[in-house]
Amino acid sequence: MDPTLAAVLGGCLGLVIGAVAVAASRFSERTFTTIPPPADPPTLPAGVGDVLAVLRSIAIVLDTSDAVVNNSASAVSYGLVRHGELVHTELRQLARQARRDGEIREVDLELSRGFGATTNAFMRARVAPLGAQHVLILAEDHTHAQRVEEVRRDFVANVSHELKTPVGGIALLAEAVLDARDDPEAVSRFAARIQVESTRLTRLVQEIVDLSRLQTADTLHEPELVEIPLVVAEAVDRVRVAAESRQITLEPVADERAFVFGDGDLLATAVANLVSNAVNYSEAGTRVAVAARRVGDTVEITVSDQGQGIPTPEQERIFERFYRVDAARSRSTGGTGLGLAIVKHVCATHGGDVSVWSEEGHGSTFTMRLPAASGRPAAHPDRHAVGTAQGDQQR
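Parameters and conventions
Residues numbered from 1 in each chain as written. Predicted model: local features only at pLDDT ≥ 70, side-chain atom pairs only at ≥ 80, totals over all residues. Heavy atoms only, no water. Pairing = 2+ DSSP bridges. Helix = DSSP H or I, 4+ residues; strand = E, 2+ residues; numbered from the N terminus. Buried < 20%, exposed > 50% of the residue type's maximum accessible area, 1.4 Å probe, protein only. Polar contact = N/O pair within 3.5 Å; in protein donor to acceptor, adjacent residues only side chain to side chain. Salt bridge = Lys/Arg side-chain N within 4 Å of Asp/Glu carboxyl O. Expected span 1.5 Å × (residues − 1). Arc of directions from axis to C-beta. Contact = heavy atoms within 4.5 Å. Axes fitted to C-alpha atoms, helices over the stretch in contact; angles between N-to-C directions. Parallel < 35°, antiparallel > 145°, perpendicular 65-115°, else oblique. Left-handed = near helix turned anticlockwise from the far one by under 90°.

Focus on the pairing of strand β2 (residues 68-71)
Then, number 1: Sheet topology places strand β1 (residues 58-62) next to β2; 3 bridges connect them, and they run antiparallel. Paired with I60 across the strands is N71, a residue of β2.
Then, number 2: Adjacent in sequence and paired antiparallel, β1 and β2 are bridged by 5 residues, among which D66 carries a positive phi angle near 65°.

Re the side chain of S282
Then, number 1: Relative to the helices and strands, S282 resides in the loop between α8 (264-280) and β11 (287-295).
Then, number 2: A relative accessible area of 0% places S282 in the buried class.
Then, number 3: Reaching out from S282, the side chain makes a polar contact with the backbone oxygen of A278 at a distance of 2.5 Å.

Some thoughts on the pattern of salt bridges
Then, number 1: All chains considered together, the criterion is met by 11 salt bridges.
Then, number 2: In this structure, the salt-bridge partner of D66 is R99, at a minimum N-O distance of 2.8 Å. Within this pair, whereas D66 is found in the loop between β1 and β2, its partner R99 is found in helix α4 (residues 89-101), the two being separated by 33 residues in sequence.
Then, number 3: The class of D66 is buried, set by a relative accessible area of 8%.
Then, number 4: Taking relative accessible area as the criterion, R99 reaches 28% and is therefore assigned partly exposed.
Then, number 5: Of the charged contacts, one joins D255 and R257 as a salt bridge, the two residues approaching to 3.0 Å between their closest N and O atoms.
Then, number 6: Here R257 falls in the partly exposed class, since its relative accessible area comes to 46%.

A closer look at α4
Because an α-helix completes one turn every 3.6 residues, residues spaced three or four positions apart along the sequence face the same direction.
Then, number 1: Under the 1.5 Å per step criterion, the end-to-end length of α4 is 19 Å for 13 residues, consistent within 8% with the ideal 18 Å.
Then, number 2: Regarding α4, the residues found buried are L91, R92, L94, A95 and A98. Buried residues of α4 fall within an arc of 160° about the axis and therefore sit on the same side.
Then, number 3: Tucked into the core, α4 has its buried residues touching β1, β4 (85-86), β5 (105-112), β6 (120-130) and β7 (134-141).

Some remarks on the sheet that holds strand β14 (residues 364-371)
Then, number 1: Across the sheet, 5 strands lie side by side as β9-β11-β12-β14-β13; this open sheet has mixed pairing. A single partner strand is all that each edge strand has here, and the edge strands are β9 (249-254) and β13 (353-358). Each adjacent strand pair in this sheet contributes to an overall mean axis angle of 15°, direction not counted.
Then, number 2: Sheet analysis places strand β12 (residues 298-304) next to β14, joined by 7 bridges and oriented antiparallel. If you follow I301 over to β14, its bridge partner there is M368.

Here's the deal with the packing of helix α7 (residues 228-245) against α8
How two helices pack is summed up by the angle between their axes together with the distance between the axes.
Then, number 1: Two elements in contact, α7 and α8, have axes whose closest approach is 8 Å; the angle formed by their N-to-C orientations is 40°. It follows from the interaxial angle that α7 and α8 lie oblique. Here the hand of the crossing between α7 and α8 comes out right-handed. Every residue of α8 that contacts α7 at I228, V231, E234, A235, R238, V239, A242 and A243 is listed here: G264, D265, L267, A268, T269, V271, A272, V275, S276 and V279.

So, the sheet that holds β1
Then, number 1: Taken together, the 5 strands give an open sheet; going across it, the order is β2-β1-β7-β6-β5, and neighbouring strands pair in antiparallel fashion. With one partner strand each, in any of the chains shown, β2 and β5 form the two edges of the open sheet. Averaged over all pairs of adjacent strands, the angle between their axes in this sheet comes to 25°, without regard to strand direction.
Then, number 2: Pairing between β5 and β6: 8 bridges, direction antiparallel.

Quick notes on unusual backbone geometry
Then, number 1: For D66, which is not a glycine, the phi torsion comes out positive at approximately 65°.
Then, number 2: Of note in this structure, Q247 is not a glycine but carries a positive phi near 55°.
Then, number 3: Tracing the chain through its elements places Q247 in the loop between α7 and β9.

Some remarks on the packing of α8 against helix α11 (residues 339-349)
Then, number 1: One way to put it is that α8 packs onto α11 with a least axis distance of 9 Å and a crossing angle of 145°. For the element pair α8 and α11, the recorded crossing hand is left-handed. Note on element contacts: α11 touches α8 through G339, L340, I342, V343 and V346, opposite L266, L267, T269, A270, N273, L274 and N277.

As structure tokens, this is what we get:
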């Protein structure tokens, strides 16, 4: 082939290849520019964020991909939302159902709180479509209400069981009286037992009422300045007759600086319950010490006995309602199993607590700790009389 012709043909072929490459590049550029940009995520309807900010319920808004686009702070604190994701599968399934059929759903769920929590949360969740592309989840924590209901059921069951004993005993004794109506000595004996059971029943009912009132009222409505020396004196006076009948010496000692804000009658009942238990579980001829002192910002009231002591495994349960370490002895002394539960609730109502130290064979010491009042009460008209009575008893 002629070299000149070959050069011409090569140049033409190069021009053709170049034109094709330019055309392909321009076509590709036009194709690329026609691809639509990714769509922005759907925005929430106006005002939704402001409404969520003032809701008392836990609020979560999901988009079409179940991603969290808005939530209240409580949703995070309750463990429903973590790192911008809905944690619980149950809520996610409800959201998908609401998105699919557009129906509002309301269910009760028991959900894990996560982060090592040992208890679950009982939630009432309401799930509803929010616009065309969002789902709103509202949840309320009903854990406290659930716990209260469980306590109420247990309390009713315990009360029913405890009431059966004295009521059944009175019924049987009444039948025995009828059968022995011609035997005056037997009638007297059975009547005395009826009196004992009726007294125990009255005490049980009263303590049930007191405990129910304490559990219903978490705080004191009108706290007053209470002088603890007067509380100790009244508590000891309530138990004095029972102590003297068993030759047990009561030794009250009270710091004149010890005073708190609260209900004097409730505090006297709590201390009297501790003293009564100490008397009932002590041997004849021993001593029961009742001391009150101020330690910094705390008032401590201790009741110590020289009784048989409480086994270590039992010490964690003695503040439970109707729990008795020695059921037989409780029956003989008229114990209801509510005294220490009342003490615990009285302390909690006053912002304090109660604890126990005990060793078998070496007695027990119960300690009530209450926040001390910052002021000092005016002189009480009976203060001198109370102090003198305490001093006479100590002597």
